[in-house]
Amino acid sequence: MTTLTTAAPRRLPFRGRFQGAALGVVAWLAGILFVLPILWMALTSFHSESDAATNPPSLAASLTLDGYREFFGAGGGAGPWPSLINSATASVASTLLTLLLALPAAYALSIRPVKKWTDVLFFFLSTKMLPLVAGLLPIYLFAKNTGLLDNIWALVILYTAMNLPIAVWMMQSFLAEVPVAIIEAAQIDGARLPTILWRVVAPIALPGIAATSLICFIFSWNELLFARVLTGVVAETAPVFLTGFITSQGLFLAKVCAASLVISLPVLAAGFAAQDKLVQGLSLGAVK
């Protein structure tokens, strides 16, 4: 009669456990270092302007909602809702349009590669090397001559053009992980290219699509330079609305912190909701 024995689980040596604990501590310190400015901004937003302007700031100062009341127009100023709606419209519409154009382009560069596809990718990426201010005057003159000044759809087109290179670059890495055999099986079954992209490629590359869309959304939501120059009253975005609180006279730090926190919430919420897809997508090879 034989007796079954279970092997004891292997334990890491002391050096390995120490290194793991040290890396954990470093990760926590890095995380705290990154989140500390946001926490400080949130705390400052609940202070009065006089307490927020003290140097050094007082952590034990009384809390108030005056900064948020002024941001939402309780003091007689303009409310932020039109600007927030404009930012949401420009960011969401440009992100959807970018994905609609980037997916077929990435498919052609990865699964059905064109000749010298690496040169094509470098050309896409080289368009991001141009300083934004270098194209400011030509784009302004074009918008002025075509009647697109202070028009939200001008920002949609501009943000799409700005995000398309990085979206194609990322999507190419993601789609390169899609098995070609699945696509060939769909073609044998008679599926056409739109069906393959929508029902075969997109579900497999969903983490990469989510990561790309989140990055494009963040870039569009935070863009300030072109929105400041090309918009006025009708198409004013949230970052432009935020800069209106900065004046040469008076105290505005608490109100700016409150406005910054509220404007950052949509991006933070989107990142938190898609964090699992973002990690999966970035691990597929977009940063390799």
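Since this is a predicted model, take the numbers as computed values, not measurements. (Residues numbered from 1 in each chain as written. Predicted model: local features only at pLDDT ≥ 70, side-chain atom pairs only at ≥ 80, totals over all residues. Heavy atoms only, no water.)

Asks: Now, about the overall build of the chain: what can you tell me, with residues and values included?
Replies: Looking only at helices and strands, one finds 14 helices and 0 strands in the chain. Start at the N end of the chain and walk to the C end: the helices and strands fall as α-α-α-α-α-α-α-α-α-α-α-α-α-α. Taken across its 288 residues, the chain has 35% of its residues classed as buried. The long-range share in the chain, meaning contacts at least 24 apart out of those at least 6 apart in sequence, stands at 76%. For the chain, the exposed area adds up to about 17600 Å²; of that, 71% sits on carbon and sulfur atoms. (Helix = DSSP H or I, 4+ residues; strand = E, 2+ residues; numbered from the N terminus. Buried < 20%, exposed > 50% of the residue type's maximum accessible area, 1.4 Å probe, protein only. Contact = heavy atoms within 4.5 Å. Areas by Shrake-Rupley, 256 points an atom, 1.4 Å probe, with all protein chains shown as cover.)

Asks: Residues and numbers for the packing of aromatic side chains, please.
Replies: The tally for this structure, following the rule as stated, stands at 7 aromatic pairs. Taking the centre distance of 6.0 Å and the plane angle of 55° together, the rings of Phe71 and Phe245 count as tilted. Highlighted residues: Phe71 in helix α3 (residues 66-71) and Phe245 in the loop between α12 (238-243) and α13 (253-273), separated in sequence by 174 residues. Accessibility assignment for this pair places Phe71 and Phe245 in one class, buried. Site record: aromatic cluster; members linked through ring pairs are Phe71, Phe72, Trp81, Phe241 and Phe245. (Phe/Tyr/Trp six-rings, centres within 6.5 Å; stacked < 30°, edge-to-face > 60°.)

Asks: Break down a nonpolar patch on the surface for me, with residues and values.
Replies: Taken together, the side chains of Trp28, Ile32, Val35, Leu36, Ile38 and Leu39 define a hydrophobic patch exposed on the protein surface, amounting to about 600 Å² of accessible area. The topology assignment puts Leu36 in helix α1 (residues 14-45). Here Leu36 falls in the partly exposed class, since its relative accessible area comes to 46%. (Patch = residues over 30% accessible without salt bridge, like charges linked within 9 Å, V, L, I, M, F, W, Y side chains within 5 Å. Salt bridge = Lys/Arg side-chain N within 4 Å of Asp/Glu carboxyl O.)

Asks: I'd like a rundown of helix α10 (residues 206-222), residues and numbers included.
Replies: The end-to-end C-alpha distance of α10, which contains 17 residues, comes to 24 Å, matching closely the 24 Å that a straight helix rising 1.5 Å per residue would cover. Of all the positions in α10, only Pro207, Gly208, Ile209, Ala210, Ala211, Thr212, Ser213, Leu214, Cys216, Phe217, Ser220 and Trp221 are classed as buried. (Expected span 1.5 Å × (residues − 1).)

Asks: With reference to specific residues and values, describe the packing of helix α7 (residues 152-175) against α10.
Replies: Here α7 crosses α10 at 155°, and the two axes come no closer than 10 Å. Considering their axes alone, α7 and α10 lie roughly antiparallel with respect to each other. Between α7 and α10 lies a crossing of right-handed hand. Across from Tyr159, Asn163, Ala167, Met170, Met171 and Phe174 in α7, the residues of α10 making contact are Gly208, Ile209, Ala211, Thr212, Ile215, Cys216, Phe219 and Ser220. For the contact of α7 with α10, the class distribution of residues is 10 nonpolar, 4 polar and no charged. (Axes fitted to C-alpha atoms, helices over the stretch in contact; angles between N-to-C directions. Parallel < 35°, antiparallel > 145°, perpendicular 65-115°, else oblique. Left-handed = near helix turned anticlockwise from the far one by under 90°. Nonpolar A, V, L, I, M, F, W, Y, C, P; charged D, E, K, R; others polar.)

Asks: Give me the lowdown on the nonpolar core, citing residues and values where you can.
Replies: Tyr107, Ile111, Met171, Leu175, Ile183, Ile196 and Val201 are the most contacted members of the largest nonpolar core, which totals 27 residues. Listing elements by their share of this core, those giving two or more residues are α4 (81-110), α7, α8 (180-188), α9 (193-204) and α10. At 7 residues, α7 tops the list of elements feeding residues into this core. Excluding residues within four positions of it along the chain, Met171 makes contact with Ala102, Leu103, Ala106, Gly208, Ile209 and Thr212. (Core = buried A, V, L, I, M, F, W, Y, C linked by side-chain atoms within 4.5 Å.)

Asks: Could you give an account of the pattern of salt bridges, naming the residues involved and the relevant values?
Replies: Throughout the structure, instances matching the rule amount to 2 salt bridges. Arg69 is the salt-bridge partner of Asp66, the closest N and O atoms lying 2.8 Å from each other. Of this pair, Asp66 and Arg69 are both found in helix α3, 3 residues apart, which corresponds to roughly one turn of the helix. Classification of Asp66 as partly exposed rests on a relative accessible area of 37%. Taking the relative accessible area as the measure of exposure, Arg69 reaches 43% and is therefore partly exposed. Here Glu70 makes a salt bridge to Lys255, at a shortest N to O gap of 3.3 Å. You can see Glu70 sitting in helix α3 and its partner Lys255 sitting in helix α13, a full 185 residues away along the chain.

Asks: Report on the UniProt feature "transmembrane region" (unreviewed entry) in the chain, specifying residues and quantitative values.
Replies: Mapped onto this structure's residue numbering, the UniProt feature "transmembrane region" (unreviewed entry) falls at residues 21-43, 88-109, 121-140, 152-175, 196-220, 226-245 and 252-274. Secondary structure across residues 88-109 comprises 100% helix and 0% strand; the distance between its end C-alpha atoms is 31 Å. (UniProt positions renumbered as here; feature names shortened; annotations may be inferred.)

Asks: Go over the confidence of the model for the chain, please, and point to the residues and values.
Replies: Low-pLDDT portions of the prediction should not be read for the details of their coordinates. Mean pLDDT over the chain works out to 84, with 89% of the residues at or above the 70 mark. Within the chain, helix α14 (residues 275-286) has the poorest average pLDDT of any element, 60, and helix α11 (residues 225-230) the best, 93. (pLDDT = per-residue confidence, 0-100.)

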